[in-house]
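So the chains spell out like this:
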Amino acid sequence: MTRSDPFDAAGFAREGWRDISVAFAASTPPWPGDTPFSCGWAWAMADGASVNVSKWETSPHVGTHADAPLHVLRDGAGADALPIGPFVGTARVADVRHLQGAISLEALKEAGWKSGTARLLLRTGQSTATGRFPAAWPALAPETAAALVADGLQLLAVDCPSVDDRDAKDLAVHHRLF
């Protein structure tokens, strides 16, 4: 793709790219108990500063984000070590909005997953983009996550707050993916 402005959203849309990001906003709910997004001024010309400099505070888990292995593994790699390749390219979308609880490999096949999929997006319909934090969402069963990785999955993206169930304490799906 060649263009003079690589950040031209309309141009990306014409090329078939879709931005599925959840934007940072004060109305974007964080994980309960986590740091919400806020934005303000560190320096403001209106207050006599020579420049305007904004500041913001948030958890990296507000809005669209990528978990690094360090999130769940004591000695895991940080976000700075993640290769860019898995984040760019075609992806398969599996619509799992009709499912509840743990998603089996069979249910995932029925929702559109095919063997050999490198990038998979799960459409759960439980996004924080609605301005509310969902009470529950469908999530892969740990054995399903393990099977996807064994099949060559490089990236799993979800529109819900986590790849694990909301009440998961062992984060088994996170661990299987890493």
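Each remark here, short or long, concerns the structure printed above.
Now for a description of the structure that goes with this document. The structure presented is a predicted model; accordingly, all values stated were derived computationally and were not measured.

What counts and what doesn't
Along each chain, residues carry numbers from 1 onward, in the same order as the chain's sequence is written. Side-chain atom pairs in this predicted model are given and counted only at pLDDT of 80 or more, local residue features only at pLDDT of at least 70, and totals for whole chains, interfaces and linings cover all residues. Side-chain numbers here rest on the full set of heavy atoms in the structure, without hydrogens or water. Numbered from the N terminus, helices here are DSSP runs of H or I no shorter than four residues, and strands are runs of E no shorter than two. A 3.5 Å cut-off defines polar contacts: any pair of N or O atoms within that distance qualifies, except that in protein one atom must be a possible hydrogen donor and the other a possible acceptor, and neighbouring residues in sequence count only when both atoms are side-chain atoms. Contacts were defined at the residue level, with two residues in contact if any of their heavy atoms lie within 4.5 Å. Salt bridges are defined by distance alone: a side-chain nitrogen of Lys or Arg within 4 Å of a carboxyl oxygen of Asp or Glu. Categorising residues by exposure relies on relative accessible area from a 1.4 Å probe, with only protein chains included: less than 20% of the type maximum marks a residue as buried, more than 50% marks it as exposed, and the intermediate range marks it as partly exposed.

Let us now look at the side chain of T117. Its place among the elements puts T117 in the loop between α2 (105–110) and β5 (119–123). A polar atom in the side chain of T117 sits 3.4 Å from the side chain of R92. At 2.5 Å, the side chain of T117 and the backbone oxygen of K114 are in polar contact. When near neighbours in sequence (up to four residues on either side) are disregarded, T117 contacts R92, D151, G152 and L153.

Evaluated as defined, the whole model comprises one salt bridge. Across the salt bridge formed by R97 and D95, the nearest N and O atoms sit 2.5 Å from each other. The exposure class of D95 is partly exposed, given its relative accessible area of 25%.

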